[in-house]
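Remarks on the overall topology
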Amino acid sequence: MKTSAFSSWALFALLICAVLIWLCWWCVFGSSPLSTTEVRKILEQSTNQTEIQAEVDNLFSRFGGRSKSLYGSDLTTSPELARFAKALNGEVLGIWWHDIPKGVKVDDNLPSHVRIRFGEHRHCQFIFIFPTGTDLSAIKPPFEQVAGNVYLVDTWNPIN
């Protein structure tokens, strides 16, 4: 009986140690957020901004004036957008109409955009791609221009 209890406690202690080691490793060696320069490099290596812009404009014309989650079948006409999201290890979330993600503090509503989410759950980042002709004069930090109508926002360290 004592041996069984000791074995159970030893196994429990080993399990706790393993979990603590994994958590420490994840906090120290987990992926760090991408900078605007790194995102621009990924964009240039995976596709080009002009093609992505054309696909985003096409998505807005296809789905009209409503927010919509985008899935694999919706992105069949947007291979460059999907390739860019994959290069970021992220996913295309959808079309947002005048919406701001939780954790981002800005003064005004954002213009409509396509949103890509990437990064870890504990620290996600977003790419916002605005349609051609959008007035981007109100876009300010924490949004950083990557190229053209492509912007990066880091929800971990919002400004304002």
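As a reminder, the structure under discussion sits directly above these lines.
The structure displayed is predicted, hence computed values, not measured ones. (Residues numbered from 1 in each chain as written. Predicted model: local features only at pLDDT ≥ 70, side-chain atom pairs only at ≥ 80, totals over all residues. Heavy atoms only, no water.)

Overall, the coordinates contain four aromatic pairs when judged by the stated rule. Taken together, a centroid distance of 6.2 Å and an interplanar angle of 80° make the contact between F126 and F128 edge-to-face. You'll find F126 and F128 in the same group, each marked buried. With centroids separated by 6.4 Å and ring planes inclined at 40°, the aromatic side chains of F128 and F130 adopt a geometry described as tilted. When sorted by exposure, F128 lands in the same class as F130, which is buried. The structure contains a cluster of three or more aromatic residues connected by ring pairs, namely F126, F128, F130, F143 and Y151. The aromatic ring of F126 is capped on one face by R115, whose charged end is 5.7 Å from the ring centroid. (Phe/Tyr/Trp six-rings, centres within 6.5 Å; stacked < 30°, edge-to-face > 60°. Buried < 20%, exposed > 50% of the residue type's maximum accessible area, 1.4 Å probe, protein only. Lys NZ or Arg CZ within 6 Å of the ring centre and 35° of its normal.)

Looking only at helix α4 (residues 79-87), the buried set comprises E80, L81, F84 and A85. Projected onto a plane normal to the axis of α4, the buried residues spread over an arc of 140° and lie on a single side. Close packing links the buried residues of α4 with α2 (36-46), α3 (49-63), β2 (91-96), β3 (113-120) and β4 (123-129). Residue N89 follows α4 closely and has a positive phi angle near 60°. (Helix = DSSP H or I, 4+ residues; strand = E, 2+ residues; numbered from the N terminus. Arc of directions from axis to C-beta. Contact = heavy atoms within 4.5 Å.)

A word on the pattern of salt bridges. Within the structure shown, the criterion is met by one salt bridge. For the salt bridge of E80 with R83, the shortest nitrogen-to-oxygen distance reads 2.7 Å. On the criterion of helical spacing, the pair formed by E80 and R83 is a turn pair, its members being three residues apart in helix α4. For R83, a relative accessible area of 40% puts it in the partly exposed group. (Salt bridge = Lys/Arg side-chain N within 4 Å of Asp/Glu carboxyl O.)

Our next topic: the side chain of H113. Among the structural elements, H113 can be located in strand β3. A relative accessible area of 0% means that H113 is categorised as buried. Within the structure, the side chain of H113 is placed 3.0 Å from the backbone oxygen of P111, a separation counted as a polar contact. A polar contact of 3.1 Å, which involves the side chain of H113, links it to the side chain of R115. (Polar contact = N/O pair within 3.5 Å; in protein donor to acceptor, adjacent residues only side chain to side chain.)

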